[in-house]
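Each chain is listed here by its residues.
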Amino acid sequence: MNVRITGTGSSLPGKILTNADLEQLVDTSDDWITSRTGIKERRIAAEGEYTSTFAAEAARRAMAMAGVQPDEIDLIILSTVTPDFPFPSTACIVQDILGATNATAFDLSAACSGFIYGLSVAEKYLRSGAARKILVIGSETLSRIVDWQDRNTCVLFGDGAGAVVLEASDGGHSLLSTHTFSNGSFWNLLYQPGSGSRNPASDPRTFDKKLLYITMEGNDVFKHAVRSMEEAAVKALETNSLSPDDISLLIPHQANRRIIDATAKRLGVSSDRMFTNLELYGNTSSASIPIALDEANLQGRLKAGDKALLVAFGGGFTYGSALIEW
Ligand code: UT7
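Residues numbered from 1 in each chain as written. Predicted model: local features only at pLDDT ≥ 70, side-chain atom pairs only at ≥ 80, totals over all residues. Heavy atoms only, no water.

A. Main features of unusual backbone geometry. The omega torsion of the bond from phenylalanine 87 to proline 88 falls at 0°, within 30 degrees of zero and hence cis. Here glycine 316 and phenylalanine 317 are connected by a cis peptide whose omega angle stands at -15°. Among the structural elements, phenylalanine 317 can be located in the loop between strand E12 (307–314) and strand E13 (318–325). Phi is positive for serine 285, close to 50°, though the residue is something other than glycine. (Helix = DSSP H or I, 4+ residues; strand = E, 2+ residues; numbered from the N terminus.)

In C-alpha cells, the structure reads:
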C-alpha cells in the first residue's frame, strides 16, 4: 500500500514580534538572539486566535491542494503542547470547524517531534487499511505558555500551524519511512511544570511559582538535540539504503540555527540542501516541520524524485525522522 502526501498547508498569525521588540521587554539584544539562535522574528497569536484557528486554516489549505473534501477525511491527528483546552482534544474542535463529520479525531503529545509521530501513526493506519485519507496537523500557540519576563526562553518561541493530507493512493509524494524514538530519562529538561495533575492550575501556588511557563535546560537540550537528530536521520538513511548525498532537502525541526548546522555537518549534508525558516518564525514546536515542508513545496524546492529527510527532536525527550520521495 502506497502512502502519499497529497497536500501541504500552513497558517501563521499576522502579528510579528521582532528581536528589536524583545529588546524592549527583557534584557537582550538582536545580536545575542541572532548569533545564538538564528532567529530574527516570530509570529504571535492575537486575541481570539487559538491553536485550533491556525490548525484549521493549515488543514483547509492542505485539503485544497489535495483536492479532498472535509467529509472524505477519516482521521485527524493533531500534535500540540498548547491545546485550546486540556480536553476535549483540539483535533475535535478542528473537526467541527472543518465539518469533517466522518473523521475520528485525537490529539498527540510528543512536543517538537509531534508532527513526525503523527506521520508515523497515520502511516500505520493507512498501511493497515484502517483509513484512506488522513489530516496530520502540528499547531501551537506557544506565546501563551512563555514567560515574557524570562530572556532564556521568551526569545525562542513562536505560534503557527502546518498540515498535510496523507492518502493511501497512487498520486502524490511517497512517504518511504518513519521512525520514532523516546528517552523519558530526560523528561524534566524541557517541560511545562504546571497545569497538569502534579501542579494543577486550580492551585494558586502553580501561578505564584510561575509553573505555567516553559522550563528548559537549554545547554543540555542542545547537546541531546544534535546527537538524537543525527541518530534519527541515520536510521532513515539506513532503512532506505541511501547515503547523505541522496538527500535533496533536509527539513529539520527549527529550534536553533546552530543545532541545524551541527546536525547537517555531522550528517554530511551541505547548507544549500538544508531548509531553514526559523529566522522568520522561531521555534514553533510541532508546527515547525509541516510549516517548513509547506514552504519548501510552495517555493518549488522539491522536484519529482527528490528525497526529503524530515528530522525532529523535542521534550520527552522525543525524536524521529521521516523520508519522503517527492
Ligand atoms: O524545540 C525543542 C528543542 N529545543 C532546543 O533545541 C533548544 C536548545 N537550546 C538552545 O537552543 C540554546 O541552549 C539556547 C539558545 C536556549 C541558549 O544558548 P546557549 O548558547 O546555550 O546560551 P546559555 O544558555 O549557555 O547562556 C549563555 C549566557 C548566559 O549568561 P551567563 O550566565 O553566561 O552570564 C545567559 O544568561 O547568555 C545569557 N542569555 C541571554 N543573554 C541575552 C540567555 N538568554 C539570553 C538572551 N539575551 N535572550
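Having seen it, we continue.
B. Summary view of the domain arrangement of the chain. Each assigned domain of the chain is listed here: domain 1 (2–172) and domain 2 (176–325). Centre-to-centre separation of domain 1 and domain 2, based on C-alpha positions: 14 Å. For the pair domain 1 and domain 2, the summed buried area comes to about 3600 Å², and 61% of that belongs to carbon and sulfur atoms. Summed over the shared surface of domain 1 and domain 2, the number is one salt bridge. In this assembly, domain 1 and domain 2 are joined by 27 residue pairs in polar contact (both at pLDDT 80 or more). At the level of elements, strand E1 (3–11), helix H2 (30–37), strand E3 (41–44), helix H5 (114–128), strand E6 (133–141) and strand E7 (159–168) are the ones that each hand at least two residues to the side of domain 1 that touches domain 2. (Domains from an automatic or database assignment. Buried area = accessible area lost by both parts, 1.4 Å probe. Salt bridge = Lys/Arg side-chain N within 4 Å of Asp/Glu carboxyl O. Polar contact = N/O pair within 3.5 Å; in protein donor to acceptor, adjacent residues only side chain to side chain.)

C. Structural view of the side chain of threonine 141. Among the secondary structure elements, threonine 141 is positioned in strand E6. On the basis of relative accessible area, threonine 141 is assigned to the buried category, the value being 3%. Of the polar contacts made by the side chain of threonine 141, one reaches the side chain of threonine 51; its length is 2.7 Å. (Buried < 20%, exposed > 50% of the residue type's maximum accessible area, 1.4 Å probe, protein only.)

D. Representation of the site of the ligand. Taken together, 23 residues form the shell around the ligand, and within it Thr28, Arg36, Asn219, Asn256 and Asn283 come nearest. A distance of 2.8 Å separates an oxygen atom of the ligand from a polar atom in the side chain of arginine 36. In the environment of the ligand, an oxygen atom lies 2.7 Å from a nitrogen or oxygen atom belonging to the side chain of asparagine 256. For the ligand, whose accessible area on its own is 950 Å², the fraction buried by protein is 75%. Mapped by element, the contributors of at least two residues to the shell around the ligand are H2, helix H6 (151–154), helix H8 (218–239) and helix H9 (257–267). It is H8 that contributes the most residues to the shell around the ligand, four residues altogether. Residue classes in the shell around the ligand are distributed as 11 nonpolar, eight polar and four charged. Counting contributing residues per domain, the shell around the ligand is built from domain 1 (2–172) and domain 2 (176–325), each supplying no fewer than three. (Near = heavy atom within 4 Å. Areas by Shrake-Rupley, 256 points an atom, 1.4 Å probe, with all protein chains shown as cover. Nonpolar A, V, L, I, M, F, W, Y, C, P; charged D, E, K, R; others polar.)

E. Up close: the pattern of salt bridges. Scanning the model with the defined rule gives 13 salt bridges in all. Linking arginine 205 and aspartate 203 is a salt bridge whose minimum nitrogen-to-oxygen distance equals 2.7 Å. For aspartate 203, a relative accessible area of 19% gives the class buried. The salt bridge partner of arginine 266 is glutamate 230, with a shortest N-O separation of 2.9 Å. Remark: glutamate 230 occurs in helix H8 and arginine 266 occurs in helix H9; sequence separation between them is 36 residues.

F. Structural context of the side chain of threonine 80. The topology assignment puts threonine 80 in the loop between strand E4 (75–79) and helix H4 (90–98). Within polar-contact distance, the side chain of threonine 80 engages the backbone oxygen of serine 139 at 2.7 Å. A distance of 3.1 Å separates a polar atom in the side chain of threonine 80 from a polar atom in the side chain of glutamate 140.

G. Structural context of the environment of asparagine 183. With respect to the helices and strands, the residue asparagine 183 is situated in the loop between strand E8 (173–182) and strand E9 (190–191). Here asparagine 183 falls in the partly exposed class, since its relative accessible area comes to 28%. Of the polar contacts made by the side chain of asparagine 183, one reaches the side chain of serine 185; its length is 3.0 Å.

H. Molecular detail of the nonpolar core. With 41 residues, the main nonpolar core has Ile214, Leu250, Leu309 and Phe313 as its most contacted residues. The set of elements that each furnish at least two residues to this core consists of H8, H9, E12 and E13. Considering each element in turn, this core owes the most residues, eight residues, to H8. Both domains that meet at this core, namely domain 1 (2–172) and domain 2 (176–325), each give it at least three residues. Look past the residues within four positions of leucine 309 in its chain and what remains in contact with it is Ala233, Ala236, Leu237, Ile247, Leu249, Leu250, Ile251, Ser321, Ala322 and Leu323. Listed in part, the 33 residues of the second largest apolar core include Leu126, Val136, Leu293 and Ala308. (Core = buried A, V, L, I, M, F, W, Y, C linked by side-chain atoms within 4.5 Å. Contact = heavy atoms within 4.5 Å.)

I. Seen up close, the sheet that holds E7. Read across the sheet, nine strands follow the order E5-E4-E6-E7-E1-E8-E13-E12-E11 without closing on themselves; strand pairing throughout is mixed. Every other strand in the sheet has two partners, leaving strand E5 (104–108) and strand E11 (249–252) as the edge strands with one partner each. Sheet twist, expressed as the average angle between the axes of neighbouring strands with direction ignored, equals 25°. Note: E4 against E6, five bridges, orientation parallel. When the bridges of E6 are listed, leucine 78 appears paired with isoleucine 137. On the sheet, H5 packs against E1, E4, E5, E6, E7, E8, E12 and E13 and is oriented at approximately 120° with respect to E8. Along the sheet, helix H11 (residues 288–298) contacts E1, E6, E7, E11, E12 and E13; its crossing angle with E1, the most-contacted strand, is approximately 100°. (Pairing = 2+ DSSP bridges. Axes fitted to C-alpha atoms, helices over the stretch in contact; angles between N-to-C directions.)

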